[in-house]
Every structure is written in C-alpha cells, then in structure tokens.
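# Per-entry structural report
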Amino acid sequence: MSNSQYNILSSRFDRTDGHKLPVYEADGGYKALKMVLSSMQPAEVRDTVKESGLRGRGGAGFPTGVKWGFVPPDADEVYFFVNADESEPGTFKDRYLLDYDPHGTIEGTIISCFAVGDRLAFIYIRGEFGWLIDRVQAAVDEAYAAGYLGKNILGSGYDLEMIVHKGAGAYICGEETGLINSVEGRKGQPRIKPPFPAVAGFLNKPTIVNNVESVASVPWIINNGPEAYKKFGTEKSCGTKLFSVSGPVKKPGVYEIPLGLPFREFFHDWLGGMVDGEELKAVIVGGSSVPVLPAAEVMNVNLDYESLANAGTMLGSGGMIIIPESCDMVELIQVLMHFYYDESCGQCTPCREGTGWLHKLVKKLRGGEGTAGDLDLLEHVCQGMAGLTICPLSDAAVMPMRSFIDKFRPEFEALIQETAPVAGSSRWPRGEQE
Amino acid sequence: MSENSCNLSPDALARIDALIERYPTRASALMPCIWVIMDEVGHVPPAGVDLLTEKLAISPARVHEVLSFYTMFRTEPQARYTLQVCHNISCHIMGARTVIAHLEKRLGIRLGETTPDDMFALEGVECLGACGMGPCLQLGKHLYEHLTPEKVDGILESLRKGVVPRADTDRLAAGGGE
Ligand SMILES: Cc1cc2nc3c(=O)[nH]c(=O)nc-3n(C[C@H](O)[C@H](O)[C@H](O)COP(=O)(O)O)c2cc1C
Ligand code: SF4
Ligand code: FES
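Counting restarts for each chain: residues are numbered from 1 in the order of the written sequence. Note on labels: chains are lettered from A, ligands numbered from 1, in written order. Local features are withheld for residues below a pLDDT of 70 in this predicted model, meaning they are given only at 70 or higher, and side-chain atom pairs are given and counted only at 80 or more; totals for whole chains, interfaces and linings count all residues. Remark: hydrogens and water are excluded; side-chain values derive from all non-hydrogen atoms of the structure.

### Brief notes about the site of ligand 1
Residue and element names in this part refer to chain A. The condition that has to hold: Nearness is defined per residue: one heavy atom within 4 Å of the molecule or strand is enough. Between N or O atoms, a polar contact is any pair within 3.5 Å; within protein, one atom must be a potential hydrogen donor and the other a potential acceptor, and residues adjacent in sequence are included only when both atoms are from side chains. All accessible-area figures derive from a Shrake-Rupley calculation using a 1.4 Å probe, and residue coverage is judged against the displayed protein chains alone. Starting at the N terminus, helices and strands are each numbered in turn, a helix being any DSSP run of H or I of at least four residues and a strand any DSSP run of E of at least two. When residues are sorted by character, Ala, Val, Leu, Ile, Met, Phe, Trp, Tyr, Cys and Pro go into the nonpolar class, Asp, Glu, Lys and Arg into the charged class, and all the rest, Gly among them, into the polar class.
Residues in close proximity to ligand 1 total 18 residues, the closest being Gly58, Lys67, Asn210, Asn211 and Ser214. Within the contact set of ligand 1, an oxygen atom lies 3.3 Å away from a backbone nitrogen or oxygen of arginine 57. Contact distances for ligand 1 include 2.6 Å between an oxygen atom and a side-chain N or O atom of serine 214. Surface burial for ligand 1 is 88%, taken as the share of its 610 Å² of free accessible area covered by protein chains. A per-element tally of the shell around ligand 1 places strand β4 (residues 207–211) first, with 3 residues. Class assignment for the residues of the shell around ligand 1 results in 4 nonpolar, 8 polar and 6 charged.

### So, the pairing of strand β5 (residues 240–246) of chain A
All names here are of chain A. What counts here: Think of it in three bands: with a 1.4 Å probe and only protein chains considered, a residue is buried below 20% of the maximum accessible area for its type, exposed above 50%, and partly exposed in between. Between any two strands, pairing holds if DSSP finds at least two bridges.
Most of β5 is tucked away: 7 of the 7 residues are buried. The side-chain alternation of β5 yields two buried faces, one formed by Thr240, Leu242, Ser244 and Ser246 and the other by Lys241, Phe243 and Val245. Of the pairings in the sheet, the one linking β5 to strand β6 (residues 253–258) comprises 6 bridges and is antiparallel in character. Note on β6: the bridge partner recorded for lysine 241 is isoleucine 257. Counting the residues between successive antiparallel strands, the hairpin from β5 to β6 contains 6 residues, one of them, glycine 247, with a positive phi of roughly 110°. Note that β5 and strand β11 (residues 319–324) share 3 bridges and pair parallel. From the neighbouring strand, serine 244 faces β11, where its bridge partner is glycine 319.

### Looking at the packing of helix α3 (residues 42–52) of chain A against helix α6 (residues 102–116) of chain A
Residue and element names in this part refer to chain A. Heads up, the condition is: Only the contacting stretch of a helix is used when fitting its axis, a line to C-alpha atoms as for every element, and angles between N-to-C directions run 0 to 180 degrees. In a left-handed crossing the near helix is turned counterclockwise from the far helix by less than a right angle, and in a right-handed crossing that turn is clockwise. The contact criterion used is simple: two residues touch if any of their non-hydrogen atoms lie within 4.5 Å.
In contact at an axis separation of 7 Å, α3 and α6 are set at 115° when each is read in the N-to-C sense. Taken as a pair, α3 and α6 cross one another with a handedness that is left-handed. Facing α3, whose interface residues are Pro42, Val45 and Arg46, α6 presents Ile111, Phe114 and Ala115. When its residues are assigned to classes, the contact of α3 with α6 shows 5 nonpolar, no polar and 1 charged.

### Points about unusual backbone geometry
Of note, the amide linkage connecting A:Pro194 to A:Pro195 takes the cis form, showing an omega dihedral of 5°. With respect to the helices, strands and loops of the structure, A:Pro195 is situated in the loop between α8 (176–183) and β4. Between B:Gly134 and B:Pro135 the backbone carries a cis peptide bond, its omega angle lying at -5°. Looking at the secondary structure, you find B:Pro135 in the loop between β2 (120–125) and β3 (137–139).

### With respect to the packing of helix α3 (residues 46–56) of chain B against helix α4 (residues 60–69) of chain B
Angle between the axes and distance between the axes: these two values describe a pair of packed helices. Residue and element names in this part refer to chain B. Threshold: With respect to orientation, any angle under 35 degrees is reported as roughly parallel, any angle over 145 as roughly antiparallel, any angle of 65 to 115 as roughly perpendicular, and every other angle as oblique.
Interhelical geometry of α3 versus α4 gives an angle of 120° and a closest axis separation of 9 Å. In this view, α3 runs oblique relative to α4, as classed from their interaxial angle. Remark: the crossing between α3 and α4 carries right-handed chirality. In this structure, α3 uses Val49, Leu52 and Thr53 to contact α4, whose residues at the interface are Pro60, Val63, His64 and Leu67. Its residues placed into classes, the contact of α3 with α4 shows 5 nonpolar, 2 polar and no charged.

### Topic: the site of ligand 2
Neighbouring ligand 2 are 13 residues; A:Cys345, A:Gln347, A:Cys348, A:Cys351 and A:Cys391 lie closest to it. Partitioned by chemical class, the residues of the shell around ligand 2 number 8 nonpolar, 5 polar and no charged.

### Topic: the interface of chain B and chain A
Our working definition: Put simply, buried area is how much 1.4 Å-probe accessible surface two parts lose in total, over both of them, once they are put together.
Taken together, the contact pairs 47 residues of chain B with 74 residues of chain A. For the pairing of chain B and chain A, the buried interface totals around 4,700 Å² over both sides, and the portion due to carbon and sulfur atoms is 59%. The largest share of the area that chain B buries against chain A comes from B:Arg22, B:Phe69 and B:Ile89, three residues that together contribute 13% of it. Run the count over chain B and chain A and you get 23 residue pairs in polar contact (both at pLDDT 80 or more). Among the secondary structure elements, those contributing two or more residues to the side of chain B that touches chain A are α2 (30–41), α4, α5 (89–93), α6 (96–107) and α8 (170–173) of chain B. Looking at the side of chain B that touches chain A residue by residue, the class counts come to 22 nonpolar, 14 polar and 11 charged.

### Section: the confidence of the model for chain B
All names here are of chain B. Quick reminder of the rule: For every residue, the predictor reports its confidence as pLDDT, a number between 0 and 100.
Within chain B, residue pLDDT values average 93, and 93% of them lie at 70 or more. Long-range and interchain partners of residues 174–178, a stretch whose pLDDT sits below 50, account for 13 contacts in this model, where long-range means more than four residues apart. Quick note on the complex model: pTM equals 0.95, ipTM equals 0.96.

### Topic: the sheet that holds strand β4 (residues 142–144) of chain B
Residue and element names in this part refer to chain B. Spatially, 4 strands are ordered β2-β1-β3-β4 in an open sheet, and the strand pairing comes out mixed. The outermost strands of the open sheet, each flanked by one partner alone, are β2 and β4. Taking each pair of neighbouring strands and ignoring which way they run, the sheet shows an average axis angle of 25°. Pairing between strand β1 (residues 81–86) and β2: 6 bridges, direction parallel.

Quick look at the structure:
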C-alpha cells in the first residue's frame with residue numbers, strides 16, 4: 001500500500017494492524033504528545049511548527065504555525081476542527097491517513113489543540129466515508145481509554161474532548177466556514193471573511209481549521225525538530241506531501257514525495273508511466289479545481305508550490321489526475337462543470353448562475369449546437385465569476401474552465417458549427433446526457 | 001408530540017439525548033441526531049422533524065433547511081438498495097460510463113430512477129474519494145472499487161438474493177488490518 005521511501009506521513013501505511021493503539025505505541029506513537037505535555041509551553045509548540053515551514057495541506061498552502069498565531073492570546077474559548085471532508089475530485093489521501101494510521105492524526109490533533117488552547121476538537125469526516133468513520137471513532141475511544149483524551153491528560157492538567165462529526169454529502173462543507181456552519185447545525189454555506197475563523201468562527205469563538213495531513217505532520221516535527229523537517233523539500237516548500245494519483249498510469253495510488261520532486265521523475269520512476277496503449281495528454285496536478293497542464297508543459301515542472309505557480313497552476317490538495325490521449329477534453333470539462341454547478345451552495349449570484357451557464361454552454365457545444373461566439377461567451381461568464389464571491393468555489397470552477405479552453409482550444413473550436421443544426425437533434429447517445 | 005410517533009427505539013432516543021449532552025449547543029447536535037434517525041428509519045419522516053424540533057429547541061424550518069441541503073439526508077423512504085456510482089472526472093476517465101450503461105441495462109432503469117419493485121435505485125454521485133480505485137460505487141457503508149461489468153453482475157446477483165457482497169472497504173468493519 002505504501003509507495004514511498006519517505007516516512008513522515010506514510011511509514012505506517014503498510015503496518016499490520018497499524019490502526020490499533022498498542023501497535024501505534026510500539027512504533028513510538030504518543031511520544032511527541034508526552035514530550036509536549038511534560039516539557040513544552042503552547043507558544044513553543046507553535047514556534048516549532050512555524051519554524052518547520054509546514055504549510056496547510058488542504059489546498060491553500062497557508063503556513064500552519066502562522067495560522068495558529070492568529071488566535072487572540074486572551075481568548076477564553078477556542079475550537080479546533082480537523083478537516084476530513086476530502087471531496088475535491090482526484091483527492092483520496094486523507095482517507096489513507098485515517099484508515100491506516102488514525103492515531104497519527106489523533107496525536108497530531110491533540111498537540112495542535114494544546115498549541116492553540118483548545119478544549120474541544122472535532123474531526124469532520126465526509127458522510128460518504130461511512131466505512132471509515134467507525135474506524136476513526138474506535139481509535140478515538142482507544143485514546144480516551146488510555147488517557148490521551150479527556151480530563152487531565154497524562155496528569156498534565158490539560159483537558160481535551162474530541163468529537164468525530166459525520167458530514168452528509170456537500171462538497172462546500174470542505175470550505176472552512178461552510179464546515180463551521182455545518183457543525184453549528186446549519187446549511188454548510190460559507191461565511192464572508194473577515195472576520196477570519198481564527199478570530200470569530202464556531203459559535204463566534206476563535207476557531208482553527210486544519211487539514212488532516214497538516215495535523216498528521218505535527219508529531220514527526222515535534223519528535224525530530226523543525227530543522228530535520230526542512231531537510232526535505234525546497235527552501236519555500238518544506239517537508240513531504242502526499243499525492244493521490246488517479247488515471248491510467250501503471251501504479252495509481254497515494255505517494256509521499258519530498259516537495260520539489262520533478263514531475264518527470266515522479267511520473268516515470270514512481271508511477272511507472274502510462275498503462276500500455278495509452279499516451280499522456282495532460283495532467284491536473286492538484287485536484288480538479290486547479291488549471292490543467294498539457295503533457296509537454298507538465299514534464300518541465302517540479303512538484304512544489306512555487307514551481308507549480310510559475311507554470312500557471314497550483315499544488316492544491318495533491319489530487320493528481322492523469323489524462324490520456326484517448327480522452328475528449330470537452331467531455332471532461334463538462335463532467336467538471338456539472339460538478340461545480342451541482343455543488344454551488346447558491347448564496348452568490350455569480351457562482352450560482354455562472355456555474356449553471358458554464359455547464360449549459362459546454363453541454364450545448366457537445367450537443368452539436370455550438371455557434372460562433374460561444375467561446376467568447378464562456379470567457380465572458382468566467383469574467384463575471386472570478387474573484388467576486390464569498391468563497392473560492394466560483395474561482396475553482398473558472399480555473400479549470402479557462403485552462404481547458406486555453407490549452408486545448410482546437411477541441412472546442414471543432415465543435416462550433418458553421419450553421420448550427422436544429423435544436424434537439426442532439427448527437428449524444430442515450431444515457432450520456434447529464 | 002410523543003417521542004414514539006417516529007418509532008425510534010429506546011436506544012436511539014438515548015443516543016439522541018447523549019449527543020445533545022456532548023455537543024456544545026443543542027442546535028449543534030442537529031446533524032448527528034438526524035444521522036441517528038436516518039440509521040434507524042432509513043429516512044427522516046415528518047414525526048422525526050417534530051422530534052428534532054422539540055429536542056433541539058429549533059424551528060421546523062431550520063430542520064427542513066438542513067435536511068434539504070445535504071444530499072445524504074432523505075425525507076422519503078428509499079429503495080432497498082441504492083447504488084451510487086461516481087460519475088466524476090477520475091472515474092469517468094477510467095470507464096464509469098461503461099459501468100453506468102451496464103447497470104442501466106441490467107436493472108432496466110436510467111440513472112436517477114428506481115426499479116418498480118423498489119428493490120434498486122441507481123444514482124450518479126460526485127467524487128467518492130476513491131479516485132485511484134475507480135470506477136467505484138457505494139452502497140450504504142460499502143464501497144466497491146475497480147468496477148467492471150463482470151464485477152457489477154456479481155454484485156447484482158448477490159443483492160438479488162438479499163446478500164450484500166463483501167466490499168473493498170469491509171475489512172475495516174471487521175477491525176482488520178491490511
Ligand atoms: C470549495 C472548497 C472546498 C474545500 N474542501 C476542502 C477539503 O475537502 N479538505 C480540506 O482540508 N480543505 C478544503 N478546503 C480548504 C479549507 O477551506 C481550508 O483552507 C483548509 O481546511 C485549511 O487547512 P490547512 O491550512 O491545514 O490546509 C476547501 C476550500 C474550498 C474553497
Ligand atoms: S462562491 Fe458559490 S459556493 Fe461559495 S459561497 Fe458563493 S455561492 Fe456558495
Ligand atoms: S472521481 Fe470517482 S471517486 Fe473520485
């Protein structure tokens with residue numbers, strides 16, 4: 001299961017019964033927590049994580065220790081949420097962490113909560129992971145029984161409760177303020193920022209939301225020190241990152257790589273290249289919301305935040321989608337636009353209407369009814385959506401839409417008819433229409 | 001409103017009370033309380049809405065709003081087996097359409113429909129977080145990965161006999177390791 005020679009996050013993916021507490025402890029588990037509670041102040045923990053250069057692994061890449069520092073020092077109540085909503089198409093890494101090593105995330109969460117002064121933590125797991133939720137709950141129960149959770153943890157005087165919260169099917173609950181509203185027992189609609197959650201979040205109290213992978217990195221950083229963590233990766237993209245790879249490569253799966261690894265090397269040496277009979281056409285490196293790179297461009301990038309930004313895309317969640325030559329790019333973007341249209345929470349007009357327009361226009365092209373001006377209209381709709389909304393879901397639809405047209409324009413142009421056929425004479429076979 | 005009008009077992013009612021204790025505010029226990037009813041009844045009937053309104057001290061509108069926002073919450077009885085096939089990008093690339101077409105043919109219904117005997121419902125759903133193992137489908141807590149028409153036939157055959165076949169994620173239920 002483990003595909004990597006790096007072992008900050010994935011060393012236990014192969015471990016027999018690695019999800020069980022005695023096995024985790026035998027592997028050195030909860031050592032970092034013991035050290036923190038017996039000999040460190042919260043500020044020291046925050047500084048250690050800040051020095052390590054760890055950046056949020058949920059998509060935006062914001063430095064974790066810096067975010068923790070935004071909690072007002074005099075806050076009487078603080079809340080901590082572990083974001084295990086994992087709904088970005090192409091992403092399936094957090095489920096590996098929670099499946100094969102749930103105590104790694106739990107230990108990281110306890111340390112993180114101590115660092116920000118939180119007494120009640122939630123692990124928000126998407127509802128579709130029903131099979132995983134029982135697993136995580138069992139691990140949380142073990143941690144309570146062993147005295148790692150609850151009152152006066154390990155005799156330190158520090159109290160922490162932990163609730164495993166089950167989502168119910170909504171991509172937008174992965175957005176941190178949507179997630180907070182969801183746990184308040186509301187629709188998972190994002191909130192206007194500022195105020196940022198670190199200042200006023202859950203029940204209007206300071207709240208930190210971190211991705212599973214971010215908190216799972218914390219015990220290793222405590223055990224080995226920030227300098228050791230920075231030995232992996234590049235100057236600005238420190239440490240290792242999980243990539244979940246899907247599509248027709250020889251070895252799809254979850255990989256832990258040092259940031260900065262050249263894509264070319266990852267593709268050929270780690271993934272084994274394409275399955276026989278397929279050619280590489282394009283890659284979406286960081287989950288469905290980031291711009292696509294054609295094969296020729298992706299072969300020159302390194303897998304770190306800066307190199308990918310320079311290439312016009314983003315590292316995102318590390319959900320890498322491999323697209324073969326045999327795929328029709330217009331068909332793929334239709335699938336994605338249907339997704340964003342479906343998942344828009346509907347609060348902002350540009351997003352609610354815009355995602356619908358993008359989906360309808362692409363559908364129209366594929367239905368053989370494309371007319372001159374449709375590509376301009378698509379761009380016009382994108383202009384009305386980007387950067388204008390409460391949360392970035394609107395941009396998350398625009399980025400793939402624009403990049404697909406930009407990089408694969410001839411495929412779109414081929415669908416524009418000189419004279420449009422009569423409406424209704426759809427070229428779609430039955431069963432394909434969305 | 002009597003608590004029994006929703007026909008919840010004493011155990012489920014006790015779990016709802018425990019959740020209300022555990023969550024920091026009454027209203028914040030809404031989603032997990034809905035899950036208790038979903039798990040026991042299969043959907044949230046009107047009497048369930050009344051129960052939640054009363055227990056959590058929130059308006060019926062708030063309960064309805066939440067029930068309708070989340071796709072996994074249902075207010076109508078469901079088919080015996082709801083097959084949810086991922087039709088998002090990675091599964092699409094790996095052949096989800098073939099799997100869906102096969103299911104439509106075998107069940108004699110289109111995506112979004114239910115068989116007349118209420119045995120099967122077929123739904124297209126968004127990414128299930130199993131992209132590297134696609135195409136995949138979910139049936140309750142069971143996730144079936146690497147689907148082919150043959151594997152689909154095996155699953156349907158077993159379900160027709162009333163047996164939920166072992167899923168790729170079922171090792172977890174047994175508490176097993178790899
Ligand atoms: C539409 C949308 C969906 C998101 N989905 C997720 C998700 O599934 N998991 C996640 O960790 N972050 C997700 N995020 C990012 C969160 O808002 C937030 O930035 C992140 O959880 C912070 O954790 P980090 O700093 O550790 O990365 C999403 C953001 C948006 C706008
Ligand atoms: S941008 Fe879209 S998803 Fe985000 S808050 Fe606005 S309508 Fe909702
Ligand atoms: S795209 Fe199908 S599980 Fe992610």
